[in-house]
Every structure is written in structure tokens, then in C-alpha cells.
Amino acid sequence: MATGSISAAGRAMGMSYRRAWLLVDAMNRMFDEPVIASRKGGKQGGGAVLTGFGTELLHRLKAMARTADAALDADLRWLEARRRPVDDAGLEPEDASSSRPERG
């Protein structure tokens, strides 16, 4: 998601500007280089951009996710094949839960 705006990016993810700004600030403090550079509004308006480090970080995180997905694929398929069915609300059908002992 590339918006050029912390506010717009936050809205796109269903969060307030403050929450988005706090996350940007936390990421920038986490590393020895900033992840996102921002400039205050004014005549030319404000904005935010990924830094070179932020771009590299994003590429590496995506590669790590692909590696993890590939490593876990067989185990996740095995688990999914053995999972009980659930309804649209994420609940087990009534007949599956009726075999459980009652809590007392």
C-alpha cells in the first residue's frame, strides 16, 4: 500500500492517524536507520515515504514470510485436513460440540 500519507495509510488499515503515527514512530526508533521519512505540511503539503532502509526492510520481511510459508506448508495442510468443520461464525456444528462433557 503506497499512499504517501501516514493519515491515508492509517485510514486504509482502519486505524486513527494517531495510531498510525505511533506505529511509524515505533518502527523508526526500533532500527538504527529510519524506516519512514515524513515532512510536515505547508505550502507543498506533507507526506511520508519509505526510506531506502525501509524499502530493503520491506523486501526482507516479505522474503522471510515466503520462507516461513514454504517451510510450514506441509504441516499446515496436514493440520487443515484434520480440523473439524466450522460454520460461518467459526463455531463447530452442534453435533460435534455435543460430545464434549458438560462443565460443572
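Scroll up a little and you will see the structure.
Residues numbered from 1 in each chain as written. Predicted model: local features only at pLDDT ≥ 70, side-chain atom pairs only at ≥ 80, totals over all residues. Heavy atoms only, no water.

Peer 1: So what about the overall build of the protein? Which residues, and what values?
Peer 2: Looking only at helices and strands, the protein features four helices and two strands. Along its sequence from the N terminus, the protein presents helices and strands in the succession α-α-β-β-α-α. For the protein, the proportion of its 104 residues judged to be buried stands at 12%. Across the protein, contacts joining residues at least 24 apart in sequence account for 11% of those joining residues at least 6 apart. (Helix = DSSP H or I, 4+ residues; strand = E, 2+ residues; numbered from the N terminus. Buried < 20%, exposed > 50% of the residue type's maximum accessible area, 1.4 Å probe, protein only. Contact = heavy atoms within 4.5 Å.)

Peer 1: Which residues make up a nonpolar patch on the surface, and what values do they have?
Peer 2: A cluster of nonpolar side chains, contributed by Leu72, Leu76, Trp78 and Leu79, occupies part of the molecular surface with about 420 Å² of accessible area. Residue position: Trp78 is located in helix H3 (residues 52–81). (Patch = residues over 30% accessible without salt bridge, like charges linked within 9 Å, V, L, I, M, F, W, Y side chains within 5 Å. Areas by Shrake-Rupley, 256 points an atom, 1.4 Å probe, with all protein chains shown as cover. Salt bridge = Lys/Arg side-chain N within 4 Å of Asp/Glu carboxyl O.)

Peer 1: Can you break down the pattern of salt bridges residue by residue, with the values?
Peer 2: A side chain of one charge can pair with a side chain of the opposite charge when the charged atoms of the two come close. The final tally for this structure, using the stated rule, is four salt bridges. Of the charged contacts in the structure, one is a salt bridge between Arg60 and Glu56, with a shortest N-O distance of 2.6 Å. Residue Arg60 and its partner Glu56 are located together in helix H3, separated by four residues, close to a single helical turn. A relative accessible area of 37% means that Glu56 is categorised as partly exposed. A salt bridge links Arg77 to Asp73, with the nearest nitrogen and oxygen atoms 2.9 Å apart. Of the two residues, Arg77 and Asp73 are both situated in helix H3; the distance of four residues between them amounts to about one turn of the helix. For Arg77, a relative accessible area of 54% gives the class exposed.

Peer 1: Can you lay out the side chain of Thr51 for me, pointing to particular residues and giving the numbers?
Peer 2: Take Thr51: it is sitting in the loop between strand E2 (47–50) and H3. For Thr51, the contacting residues outside a window of four places in its chain are Pro34, Val35, Ile36 and Ala37.

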